[in-house]
Amino acid sequence: MPDDAATRARRYRQRKREQAAQAAAAQAPAAPPAVVGSVEQDVEQAIAAMKQLEPADHAIVALAKRTARQIDLLQQDPITNASRIFSGLNTLTRILHELGGTPTVRQAYEFRSRKSKQEEPDAAHVEQPPAGGNVSALRPRPSKRRPA
C-alpha cells in the first residue's frame, strides 16, 4: 500500500499525541514552589529597620512575629492552607500598617515630619500679623422683607 500524504499526516499527528501523552505522564504533579525566604525573617528585618518603635510597641511587635511564624508553618502545605495563608498575610499587613511599616504609612509620616519642619520657623524672625487684620467685621443680619 503506497504512503499517501493523508496517511503520513495521520501517523505524524498520532506520534505527536503519543509524545505529548508520554511527556504529561512523565511530569509528576509539580511540587509547590519552594519558599525563597521566610516571612518571619522578612518581618524581623522590617522591624529592625523601624526607627519609630518604642518599648510600648513590644506587644504588637511580638504579634507581628508570631503571625509571620504561623504563615511560615502554613506554607509547608500551601495547597490545603491557601485561604489561611492569605488571611494571615492580610492580618500581617494590617499589623505592619499599625506599626508604621507599610510604604503608605511611612510616606504619611515623612510628609507630616516635613510639614512640621516647615511650620517651625525661628520665633525671633517671624513677623506677627496685625491683630484683627485678617478678620472681617461682623454685621447684623438684615431683616427679612415681608410683602405688605
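So, here's what we can say about the structure. (Residues numbered from 1 in each chain as written. Predicted model: local features only at pLDDT ≥ 70, side-chain atom pairs only at ≥ 80, totals over all residues. Heavy atoms only, no water.)

**Some remarks on the overall build of the protein**
Part 1: In terms of helices and strands, the protein carries 5 helices and 0 strands.
Part 2: The linear arrangement of helices and strands in the protein, starting from the amino end, is α-α-α-α-α.
Part 3: Counting all 148 residues of the protein, 16% fall into the buried class.
Part 4: Sequence-distant contacts, at least 24 apart, represent 60% of the contacts inside the protein between residues at least 6 apart.
Part 5: Total accessible area on the protein stands at roughly 13,100 Å², and carbon and sulfur atoms take up 55% of it. (Helix = DSSP H or I, 4+ residues; strand = E, 2+ residues; numbered from the N terminus. Buried < 20%, exposed > 50% of the residue type's maximum accessible area, 1.4 Å probe, protein only. Contact = heavy atoms within 4.5 Å. Areas by Shrake-Rupley, 256 points an atom, 1.4 Å probe, with all protein chains shown as cover.)

**Side note on the pattern of salt bridges**
Part 1: Within this structure, the stated rule accounts for 2 salt bridges.
Part 2: Between Arg69 and Glu40 there is a salt bridge whose closest N-O contact spans 3.1 Å. Of this pair, Arg69 sits in helix α3 (residues 58-74) while Glu40 sits in helix α2 (residues 39-49); the two residues are 29 residues apart in sequence, bridging distant segments of the chain.
Part 3: The partly exposed category is assigned to Arg69, whose relative accessible area is 37%.
Part 4: Judged by relative accessible area, Glu40 falls into the partly exposed class, the value being 23%. (Salt bridge = Lys/Arg side-chain N within 4 Å of Asp/Glu carboxyl O.)

**So, the side chain of Thr102**
Part 1: Relative to the helices and strands, Thr102 is located in the loop between α4 (82-99) and α5 (103-118).
Part 2: We classify Thr102 as buried; its relative accessible area is 13%.
Part 3: A distance of 3.3 Å separates polar atoms of two side chains, one belonging to Thr102 and the other to His97.
Part 4: Ignoring any residue separated from it by four or fewer positions in sequence, one finds Thr102 in contact with Thr93, Leu96 and His97. (Polar contact = N/O pair within 3.5 Å; in protein donor to acceptor, adjacent residues only side chain to side chain.)

**Here we look at the packing of α3 against α4**
Part 1: Where α3 contacts α4, the two axes come as close as 9 Å, and the packing angle between them is 160 degrees. Judged on the interaxial angle alone, α4 and α3 are roughly antiparallel. In this structure, α3 meets α4 at a crossing whose hand is left-handed. When α3 is examined against α4, the residues Ile60, Val61, Leu63, Ala64, Thr67, Ala68, Ile71 and Leu74 are found in contact with a partner set consisting of Arg84, Ile85, Gly88, Leu89, Thr91, Leu92, Ile95, Glu98 and Leu99.
Part 2: Split by residue class, the contact of α3 with α4 holds 12 nonpolar, 3 polar and 2 charged. (Axes fitted to C-alpha atoms, helices over the stretch in contact; angles between N-to-C directions. Parallel < 35°, antiparallel > 145°, perpendicular 65-115°, else oblique. Left-handed = near helix turned anticlockwise from the far one by under 90°. Nonpolar A, V, L, I, M, F, W, Y, C, P; charged D, E, K, R; others polar.)

By themselves, these figures tell us nothing about what the structure is for.
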